[in-house]
Amino acid sequence: MKSTPLAALLTAALVPAAFADPVLYTSNPVPAYEAVQAAVREQAGASLGVITGGSGVLLRRVEAEAPAPQADVFWSSSANTLGAYEGLFEPYASPALEAMLPELRYPGDLFLPANLHVVTMLVNTDQLDGQAAPQTWADLADPAWNGRIILADPANSSTGYTIVWGLSKLLDEATYKAVVSNMVVSGSSSNVPRGVAMGEYTVGLTYETNSYAYIDGGQTELLLVYPADGTFTSPEYAALIRNAPAGEAAKATIDALLSKDAQIALLKVAFRRPSRTDITVADHVGLPEISDIRTFALDEAEAAANRDAFLADWAALPKAGDVE
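Residues numbered from 1 in each chain as written. Predicted model: local features only at pLDDT ≥ 70, side-chain atom pairs only at ≥ 80, totals over all residues. Heavy atoms only, no water.

S.K.: For this particular structure, what's the right way to read the overall build of the protein?
M.R.: Along the protein, the regular secondary structure elements total twelve helices and twelve strands. Its C-alpha atoms give the protein a radius of gyration of 21 Å, near enough to 20 Å, the size a compact globule of 324 residues would have. Projected onto its principal axes, the C-alpha positions of the protein cover 75 × 45 × 40 Å. Expressed as a percentage of its 324 residues, the buried residues of the protein come to 52%. Looking at the protein alone, contacts between residues at least 24 apart form 78% of all its contacts between residues at least 6 apart. Summing over all exposed atoms, the protein offers an accessible surface of approximately 13,800 Å²; the carbon and sulfur share of this is 52%. (Helix = DSSP H or I, 4+ residues; strand = E, 2+ residues; numbered from the N terminus. Rg over C-alpha atoms; globule rule 2.2 N^0.38 Å. Buried < 20%, exposed > 50% of the residue type's maximum accessible area, 1.4 Å probe, protein only. Contact = heavy atoms within 4.5 Å. Areas by Shrake-Rupley, 256 points an atom, 1.4 Å probe, with all protein chains shown as cover.)

S.K.: Honestly, the layout of surface pockets in this entry has me stumped. Any pointers?
M.R.: A probe matching the size of a water molecule, rolled over the atoms, marks out where space remains unfilled. Looking at the largest pocket, its volume works out to about 650 Å³. Within the residue set of the lining of the largest pocket, elements represented by two or more residues are α3 (55-64), β3 (73-77), α5 (158-170), α7 (191-197), α8 (208-216) and α10 (260-270). Here the lining of the largest pocket takes four residues from α8, the largest share from any one element. Here the residues of the lining of the largest pocket are counted per class, giving ten nonpolar, 19 polar and three charged. Looking at the second largest pocket, its volume works out to about 310 Å³. Around the second largest pocket sit 16 residues that line it, and E103, L104, L116, T233 and P235 are the ones nearest its centre. For the lining of the second largest pocket, the per-class residue count stands at eleven nonpolar, two polar and three charged. (1 Å grid on protein atoms, 1.4 Å probe; cavity = no way out; pocket = protein on both sides within 12 Å on 5 of 7 lines; lining within 4 Å. Points joined across faces, edges and corners; volume = space filled by probe spheres on them. Nonpolar A, V, L, I, M, F, W, Y, C, P; charged D, E, K, R; others polar.)

Dropping the structure here:
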């Protein structure tokens with residue numbers, strides 16, 4: 001067996017963690033993380049490893065691995081979910097923040113705004129059976145929608161949590177409970193738009209990015225509804241895991257993710273509305289500008305602080321059903 005020179009062994013042992021390839025934990029779909037992999041490869045010269053899963057599952061994994069982190073960057077979740085895990089991450093003032101909308105920045109730059117989500121209703125018009133498509137959240141309180149609305153489980157999905165938290169604030173209590181009683185809850189966020197696209201459900205409550213992918217794919221029976229009583233926006237954040245083993249390469253990964261080129265690519269292939277101020281959405285995809293959408297302001301810090309109590313109350317509410 002050929003031996004390795006002692007000098008080479010010592011050199012290898014002294015190579016800093018900064019030269020290790022970074023690892024990303026993400027809840028995002030393949031087109032999204034592949035766009036980020038390409039940006040990291042082009043801008044940082046690194047090969048980005050990816051592990052996927054639900055945001056809640058991945059955050060609990062980061063928590064379990066905290067004594068010996070196995071990943072470098074987490075992407076993504078909303079502040080209403082990430083706020084409960086602040087101790088797992090460390091601040092990073094990426095140079096890309098200069099191009100970000102100021103209102104999207106998290107205190108201390110602990111989390112960095114990767115894009116902006118807008119909550120929508122995805123409606124399958126073939127399944128309306130003569131009923132008018134809903135135009136407001138309150139419309140979904142009608143018993144005629146029972147079992148025809150699908151939502152991701154808010155305990156494991158930041159998408160689902162943003163939606164039900166928002167509904168609890170926008171609607172009066174009786175209307176909120178009536179809407180919830182009509183919902184079928186899915187353990188997977190991807191089941192929501194897929195279930196509507198396949199005609200299993202009439203209405204899916206999900207983010208714009210997940211909804212529009214099917215419409216862009218040519219399903220003309222699908223309708224994207226921005227509720228007239230106001231919908232909810234939520235910045236999607238990336239974060240540097242505390243004691244990230246890849247060191248500087250982890251920071252370079254976040255820089256690449258927040259770059260203009262990466263955000264345009266994410267908009268084109270994954271319909272992620274950018275957090276940067278130097279990108280015009282309509283130049284790239286057929287989505288409305290945020291200024292043309294009526295929104296209802298949410299307090300993300302309040303949502304994070306009350307997460308456990310809210311989810312306990314949510315779990316006790318009657319619903320139309322559950323799916324895997």
